[in-house]
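Observations on chain architecture
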Amino acid sequence: MLANRLIACFDVIGGKVTKASQFQNNIDIEDAVTAAKRIYEMQIDELIFYDVTASAEKRPIDLNLVEAVGKEVFVPYTVGGGIRNLTDMYNVLKSGAEKISVDSMAVRNPEIIAQGAKEFGSQCIVLSMQVKRVPKSGKIPSGYEIAIDGARVFTGMDALEWARRGAGLGAGEIVVNSIDNDGTHHGYDLEITGLIAENVRIPIVASGGAGKPEHLYDVFTQTQASAGIISSMLYSPRLERNYTVREIKEYLQGRGVEIRPYILRQA
């Protein structure tokens, strides 16, 4: 059995890590390179970097920043935002990333998933999904709709169907980001996370809503998700307190969750 993973996700605007609530009211936290180095030294398992306005602004990702962050972290590093074609994917990998996240562009051009998987391998292609709870209907039977462009545009696409299609096209991993739970610190949306994890055969990352270690325990024991994004828990000023990676891992280990261990290092 593979150990569950803890992932820090940085939403970056203008070189600064920001935090939003339900994709709105962003507040700056700190310089992205400084944040990446600090969280890496906490022994985070993986890191995701999103240039969150690149797609909406129809511009390429900031490769200089991708490279600067990559020089400070030595764990699996995923980069997304403004990825339009194979050249963009190649440039991101060349700049130090190990995985490429596609979101809005994948909805507009699903073949980018297949092209990326063929060129670089499925293990490099991460499908990120922005999902929102809506009334169930014939068009959206799961009750979750896909949004793009930072949750500004709703597509009419069913989240479960899109997950299945993305996996079939060659995505190696899917991030399920709940718009409703994002920034609330009330826990992940276990329903859609579990539904997708049960219906696709690739790793699923839960995203949106984690505020305390118990939320990770819930997602790892009540769904088949293999990783959880914990950004707010590490650095959000909207929380009464932040946690260290060590605290979170020791809590989960103490409750029997298989997690990559925190390693004590001599000073």
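Notes on the structure in this doc start here. This structure is a prediction, so every number in the text was calculated from the model and none was measured.

**A look at the overall build of the chain**
- Along the chain, the regular secondary structure elements total 10 helices and 12 strands.
- The C-alpha radius of gyration computed for the chain amounts to 17 Å, which stays within 12% of the reference 18 Å derived for 267 residues, consistent with globular compactness.
- Overall, the C-alpha framework of the chain stretches about 55 × 40 × 40 Å when taken along its three principal axes.
- Out of the 267 residues belonging to the chain, those deemed buried represent 56%.
- Just so you have it, the chain exposes about 11,800 Å², and 47% of that area is on carbon and sulfur atoms.
- The averaged location of the 33 negative side-chain charges in the chain is 1 Å from the averaged location of its 29 positive side-chain charges.

**As for the pairing of strand β6 (residues 99-102)**
- A two-sided burial pattern is seen for β6, the buried positions comprising K99 and S101 on one face and I100 and V102 on the other.
- Sheet topology note: the strand β5 (residues 77-80)/β6 ladder contains three bridges and is parallel. Bridge pairing in β6 places V79 opposite I100.
- Handedness of the crossover joining β5 and β6 through helix α3 (residues 86-94): right-handed.
- Where β6 meets strand β7 (residues 125-133), three bridges bridge the pair, whose relative direction is parallel. Bridge pairing links I100 to I125 in β7.

**Looking at the packing of helix α6 (residues 159-169) against helix α7 (residues 190-199)**
- Packing of α6 against α7 brings their axes to within 10 Å, and their N-to-C directions diverge by 35°. For the element pair α6 and α7, the recorded crossing hand is right-handed. Judged by residue contacts, A159, L160, A163 and R164 of α6 engage I192, L195, I196 and N199 from α7.
- Among the residues making up the contact of α6 with α7, the classes are represented as six nonpolar, one polar and one charged.

**Notes on the nonpolar core**
- By size, the foremost hydrophobic cluster in this structure holds 73 residues, and its most contacted members are L6, F10, F49, I113, M129 and L234.
- Apart from the residues lying within four places of it in its own chain, the contact partners of L6 are I44, D45, E46, L216, F220, G228, I230, V245, I248, K249, L252 and I259.
- The next biggest cluster of nonpolar side chains, apart from the first, holds nine residues, and it includes V126, V175, V205 and I229.

**A closer look at unusual backbone geometry**
- The backbone of Q43 shows a phi angle near 80°, a positive value even though the residue is not glycine.
- The residue Q43 is located in the loop between α1 (32-41) and β4 (46-51) in this model.
- By relative accessible area, Q43 is classed as buried at 9%.
- Positive phi, close to 65°, is recorded for H185, a residue that is not glycine.
- Tracing the backbone shows H185 in the loop between β10 (173-178) and α7.
- The class of H185 is buried, set by a relative accessible area of 15%.

**As for the pattern of salt bridges**
- Summed over the entire model, instances satisfying the criterion amount to 15 salt bridges.
- Ionic pairing is found between D189 and R133, a salt bridge with its closest N-O pair at 3.5 Å. Remark: R133 occurs in strand β7 and D189 occurs in the loop between β10 and α7; sequence separation between them is 56 residues.
- We classify D189 as buried; its relative accessible area is 6%.
- Notably, a salt bridge pairs R246 with E250, separated by 2.9 Å at the nearest N-O pair. Separated by four residues within a single helix, R246 and E250 lie in helix α10 (residues 245-254), roughly one turn from each other.
- Judged by its relative accessible area of 34%, R246 falls in the partly exposed class.
- Looking at E250, the relative accessible area reads 41%, which means it is partly exposed.
- When salt bridges that share partners are traced, they join R5, E46, K99 and E173 into one network.

**Comments concerning the packing of α1 against helix α2 (residues 63-70)**
- Between α1 and α2, whose axes approach to 9 Å, the crossing angle comes to 25°. Regarding the angle of α1 to α2, the classification is roughly parallel. Both α1 and α2 take part in a crossing whose hand is right-handed. Packed against α1, whose contacting residues are A32, V33 and A36, the element α2 presents L65, A68 and V69 at the interface.
- Its residues assigned to classes, the contact of α1 with α2 shows six nonpolar, no polar and no charged.

Conventions we followed
Residues numbered from 1 in each chain as written. Predicted model: local features only at pLDDT ≥ 70, side-chain atom pairs only at ≥ 80, totals over all residues. Heavy atoms only, no water. Helix = DSSP H or I, 4+ residues; strand = E, 2+ residues; numbered from the N terminus. Rg over C-alpha atoms; globule rule 2.2 N^0.38 Å. Buried < 20%, exposed > 50% of the residue type's maximum accessible area, 1.4 Å probe, protein only. Areas by Shrake-Rupley, 256 points an atom, 1.4 Å probe, with all protein chains shown as cover. Lys, Arg positive; Asp, Glu negative; His and termini not counted. Charge placed at Lys NZ, Arg CZ, Asp CG, Glu CD. Pairing = 2+ DSSP bridges. Right-handed = clockwise from strand over helix to strand, strands pointing away. Axes fitted to C-alpha atoms, helices over the stretch in contact; angles between N-to-C directions. Left-handed = near helix turned anticlockwise from the far one by under 90°. Contact = heavy atoms within 4.5 Å. Nonpolar A, V, L, I, M, F, W, Y, C, P; charged D, E, K, R; others polar. Core = buried A, V, L, I, M, F, W, Y, C linked by side-chain atoms within 4.5 Å. Salt bridge = Lys/Arg side-chain N within 4 Å of Asp/Glu carboxyl O. Parallel < 35°, antiparallel > 145°, perpendicular 65-115°, else oblique.

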